[in-house]
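# Structural overview for review
For reference, the chains in residue letters:
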Amino acid sequence: MHSPLINSSFLDGFPQLVIDRGGDPYQLAKQVGFDSEIFEGKNTLIRFDRHVQLLDLAANTLDCPTLGLELAGYQNHSIFGPLASLALKNATVGESIEQMSKHSHIQVQGVEIRVTTSADMAQIQLHNNFPGISDSIRYQDHSLTIIYQLLQFVRNGHFTLRSVFFRHSGADDNGAYSRTFNCPVAFNQPFIGLSFEARHLDAPIAQEAKELPVILREHLETRHRDNLVDQVSRVISQLLVTEDCSIDTVAHAMGYSSRTLQRKLLNEDTNFQSLLNNVRCDQARDYLSNPYYRLTDIAAILGYSELSAFSRSFKRWFGISPQQWRKQVS
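Here is a short report on the structure shown in this document.

Calculation notes
Residues numbered from 1 in each chain as written. Predicted model: local features only at pLDDT ≥ 70, side-chain atom pairs only at ≥ 80, totals over all residues. Heavy atoms only, no water. Helix = DSSP H or I, 4+ residues; strand = E, 2+ residues; numbered from the N terminus. Rg over C-alpha atoms; globule rule 2.2 N^0.38 Å. Buried < 20%, exposed > 50% of the residue type's maximum accessible area, 1.4 Å probe, protein only. Pairing = 2+ DSSP bridges. Expected span 1.5 Å × (residues − 1). Polar contact = N/O pair within 3.5 Å; in protein donor to acceptor, adjacent residues only side chain to side chain. Phe/Tyr/Trp six-rings, centres within 6.5 Å; stacked < 30°, edge-to-face > 60°. Lys NZ or Arg CZ within 6 Å of the ring centre and 35° of its normal. Core = buried A, V, L, I, M, F, W, Y, C linked by side-chain atoms within 4.5 Å. Contact = heavy atoms within 4.5 Å. Salt bridge = Lys/Arg side-chain N within 4 Å of Asp/Glu carboxyl O. Axes fitted to C-alpha atoms, helices over the stretch in contact; angles between N-to-C directions. Parallel < 35°, antiparallel > 145°, perpendicular 65-115°, else oblique. Left-handed = near helix turned anticlockwise from the far one by under 90°. Nonpolar A, V, L, I, M, F, W, Y, C, P; charged D, E, K, R; others polar.

The next point concerns the overall build of the protein. When its secondary structure is counted, the protein shows 17 helices and seven strands. The C-alpha atoms of the protein give a radius of gyration of 20 Å, which matches the 20 Å a tight globule of 330 residues would have. Based on the C-alpha atoms only, the size of the protein along its principal axes is roughly 60 × 45 × 35 Å. Relative to its full complement of 330 residues, the protein shows a buried share of 56%.

Now the structure itself:
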């Protein structure tokens, strides 16, 4: 795979931001190779490099160098999808950060989250080895801002930073950074990250944050107009890559018990396994239609540990192998 992937949920709010600044989000998307469906809430994995190109293009076109900071202001915790719910199953902030690091590939690939401690201080560093992505001002700004916002959420606003570090050289209005993070900000650093007192790692998750699955469910209900099948299908699509896409995991991410979710699905004349197969089937066709994705990558994205297991499932669905299907549609 030439570029890592990122969930299109990280573009939530982008169209409105661009429109508010007098631009055309669809025209910008077209210029970097995305079609208009990118903003329709399907929340699929898209090319990370094009995602960053879109943010940079918008920043330059709209003369908005701090677009990465502003975009985070148009978003909420739903952009992390089930990843946030999984992280908040833990007792402390440190354990939640560890879970976010372990499962971050659910939403974004190619980014390593490292936590280091020294004496009474701790740091969260983000590492990305793809120059076209890691060098982007918008990537750096947006990434650190949404992580800071999530940390504020899990502590109900009681998470304070000591300093923030960026690799880029800043903007004309560096005050925007201080106002965003409420602490000193350093530019031209060898890494990007957040520094804070280590005591925060042992702090308990705020009770308000424990309600995130309910918040996610309400967000899904709003976006999918109370269509439970679409809501569950979306969560499944985001959890497939973890290889732990069970009804228990999906139910918890949505704020239900497994039994309650099973009952609700039966009322819709379906069941969890059927939805899981349908999501895998639909996504398999989408990814195979794009020659950019290798078969091994598609198998991993769909939650299969082996290409052979994916091939068997695909043949059961369509009667031919993934290779044959790709040749027919190419």
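Read on, since the account is not over.
What follows is about the pairing of strand E4 (residues 121–127). For a regular strand, side-chain orientation follows a simple rule: the groups alternate between the two sheet faces. Judged by how many residues are buried, E4 sits mostly within the fold: six of seven residues are covered. Relative to E4, strand E3 (residues 112–118) runs antiparallel, the two sharing seven bridges. Considered in E4, the bridge of Ser118 is made with Met121. What sits between the antiparallel neighbours E3 and E4 is a turn of two residues, in which Ala119 has the positive phi angle 55°. When E4 meets strand E7 (residues 192–197), the two strands line up antiparallel, connected through six bridges. Within the sheet, the bridge partner assigned to Gln125 lies in E7 and is Gly193.

Moving on, we get to helix H14 (residues 272–288). Taking 1.5 Å of rise per residue, 17 residues should cover 24 Å, and H14 covers 24 Å from first to last C-alpha, within 8% of that figure. Among the residues making up H14, those that are buried are Phe272, Leu275, Leu276, Val279, Arg280, Cys281, Gln283, Ala284, Tyr287 and Leu288. For H14, the N-terminal capping position is held by Asn271, with its side-chain oxygen 3.2 Å away from the main-chain nitrogen of Gln273.

Further remarks concern the packing of aromatic side chains. Taken as a whole, this structure holds 18 aromatic pairs when the rule is applied. Taken together, the ring pairs connect Tyr304, Phe310, Phe314, Trp317, Phe318 and Trp325 into an aromatic cluster. Positioned over the ring face of Tyr304 is Arg280, at 4.2 Å from the centre of the ring.

Quick look at unusual backbone geometry now. Unlike most non-glycine residues, Asn182 shows phi in positive territory, near 55°. Mapped onto the secondary structure, Asn182 falls in the loop between helix H9 (175–181) and strand E6 (185–186). Exposure remark for Asn182: the relative accessible area of 59% places this residue in the exposed category. Positive phi values are uncommon outside glycine, yet Asn188 reaches one of about 55°. Tracing the backbone shows Asn188 in the loop between E6 and E7. The class for Asn188 is exposed, based on a relative accessible area of 55%.

This next bit is on the nonpolar core. One finds Phe14, Phe181, Ile236 and Val250 to be the most contacted residues of the largest nonpolar core, which totals 106 residues. Of all the elements, helix H8 (residues 137–154) adds the most residues to this core, at nine residues. Each residue touching Phe181, except ones within four places of it in the same chain, is listed here: Leu69, Leu144, Thr145, Tyr148, Leu161, Val164, Phe166 and Leu194.

Turning next to the environment of Ile19. Mapped onto the elements of the fold, Ile19 is located in helix H1 (residues 14–20). A relative accessible area of 45% means that Ile19 is categorised as partly exposed. Ile19 sits 162 residues away from Phe181 along the chain, and the two C-alpha atoms are 25 Å apart.

Bringing the pattern of salt bridges into the picture now. Counting across every chain of the model gives nine salt bridges. We note a salt bridge from Arg21 to Glu70, for which the minimum N-O separation is 2.9 Å. Here Glu70 lies in helix H4 (residues 67–73) and Arg21 lies in the loop between H1 and helix H2 (25–31), a separation of 49 residues in the sequence. Judged by relative accessible area, which is 25%, Glu70 ranks as partly exposed. With a shortest N-O distance of 3.0 Å, Arg138 and Asp56 are connected by a salt bridge.

Attention shifts here to the packing of H14 against helix H17 (residues 322–329). It is the contact of H14 with H17, at a shortest axis distance of 10 Å, that shows an interaxial angle of 55°. In terms of their interaxial angle, H14 and H17 are classed as oblique. In this structure, the crossing between H14 and H17 has a hand that is right-handed. Residues Arg285, Tyr287 and Leu288 of H14 pack against Pro322, Trp325 and Arg326 of H17. Looking at the contact of H14 with H17, its residues break down into four nonpolar, no polar and two charged.

Nothing here speaks to function; it is geometry throughout.
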